[in-house]
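Residue strings, one per chain:
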Amino acid sequence: FPVTIGGARKHLMDLECKLTTLYFGLLNKGRIVGPTVAIINRDRVIFGDISIDWRHPRTNHKYRGWKVIRCPTLISGSALVLAATGSETFSHLLFDSVGRLWLAGKAGFSQKDFNYLIVQKDTPLLRQILNLLAWHTPKIIDLSKHRHIVVDRMFVGSYQSAPGHYHPEFVSWLRNRM
């Protein structure tokens, strides 16, 4: 909005910002490798936009590190991936991981649609946040303990924001629940 400075009306800043394009999808027989999170489809292609520490080159590419982790943990049923690189810290946990709960809801899913949550690290803070959000999934799988997981039906959401530009609907959703 215009502000008067020295008798002249000037705009101090543009208050609009572009929001990140969001998506929520299903990977049949999807893989997740950790502790730095890599989301991989059954053709062994890494999704670079949600596998931020693995995106070299910055586009989707083949995963070639199978020698490191040979025996995956096999999960039958459906799992929602909350794991995000850095989510052991409060801000990444709240905005990157918990943001995926909001995104799942926007896509028409609820907690009854998932048998598992896959998290980077199962912590008391994570449990407290899930409790505040009344999210009670039967099983939480800790990526720091199970470094290679294959899931029958793995649901994955994008990051809900560019750094520092949190989606206003998500912020409202979070405020209303906490």
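Report follows, based on the coordinates. Remember, predicted model here, so these are calculated numbers, not experimental data. (Residues numbered from 1 in each chain as written. Predicted model: local features only at pLDDT ≥ 70, side-chain atom pairs only at ≥ 80, totals over all residues. Heavy atoms only, no water.)

Evaluation of the coordinates by the stated rule reveals one cavity of 30 Å³ or more. The calculated volume of the largest cavity comes to roughly 40 Å³. Every residue along the wall of the largest cavity is listed here: L82, S87, L93, S97, V119, Q120, K121 and L126. Here the lining of the largest cavity is built from residues that sort into four nonpolar, three polar and one charged. (1 Å grid on protein atoms, 1.4 Å probe; cavity = no way out; pocket = protein on both sides within 12 Å on 5 of 7 lines; lining within 4 Å. Points joined across faces, edges and corners; volume = space filled by probe spheres on them. Nonpolar A, V, L, I, M, F, W, Y, C, P; charged D, E, K, R; others polar.)

In this section: the packing of aromatic side chains. Summed over all chains, the structure comprises nine aromatic pairs. Where F95 meets Y166, the ring centres are 3.9 Å apart and the plane angle is 20°; that geometry is what we call stacked. Separated by 71 residues along the polypeptide, F95 in helix 1 (residues 90–106) and Y166 in the loop between strand 10 (148–157) and helix 3 (168–177) bring together distant segments of the chain. Y166 gets classed as partly exposed once you look at its relative accessible area, which sits at 30%. For the ring pair F109 and F114, a centre distance of 5.9 Å and an interplane angle of 35° mean the geometry is tilted. On the accessibility criterion, F109 (28% relative accessible area) is partly exposed. By way of ring pairs, the aromatic residues F95, W102, Y166, F170 and W173 are connected into one cluster. (Phe/Tyr/Trp six-rings, centres within 6.5 Å; stacked < 30°, edge-to-face > 60°. Helix = DSSP H or I, 4+ residues; strand = E, 2+ residues; numbered from the N terminus. Buried < 20%, exposed > 50% of the residue type's maximum accessible area, 1.4 Å probe, protein only.)

The next point concerns the environment of F114. Looking at where F114 falls in the secondary structure, it is placed in the loop between helix 1 and strand 8 (116–119). In sequence terms F114 and R153 are 39 residues apart; their C-alpha atoms lie 9.2 Å from each other.

Here we take up helix 2 (residues 124–132). Listed as buried for helix 2 are L126, I129 and L130. One face of helix 2 carries all of its buried residues, which in axial projection span an arc of 100°. Away from its buried face by more than 90 degrees, helix 2 exposes P124, Q128 and N131. Elements in contact with the buried residues of helix 2: helix 1, strand 8 and strand 9 (139–142). A134 sits one or two residues past helix 2 and shows a positive phi near 55°. (Arc of directions from axis to C-beta. Contact = heavy atoms within 4.5 Å.)

Let us look at the environment of N41. Take N41: it is sitting in the loop between strand 4 (38–40) and strand 5 (45–46). Note on N41: relative accessible area 16%, which makes it buried. Between the C-alpha atoms of N41 and L27, which are 14 residues apart in sequence, the distance is 6.4 Å. If near-sequence neighbours (up to four positions away) are discounted, N41 is found in contact with L27 and F47. Within polar-contact distance, the side chain of N41 engages the backbone nitrogen of D43 at 2.9 Å. A distance of 3.0 Å separates the side chain of N41 from the backbone nitrogen of V45, its partner in a polar contact. (Polar contact = N/O pair within 3.5 Å; in protein donor to acceptor, adjacent residues only side chain to side chain.)

Shape descriptors only; they carry no functional weight alone.
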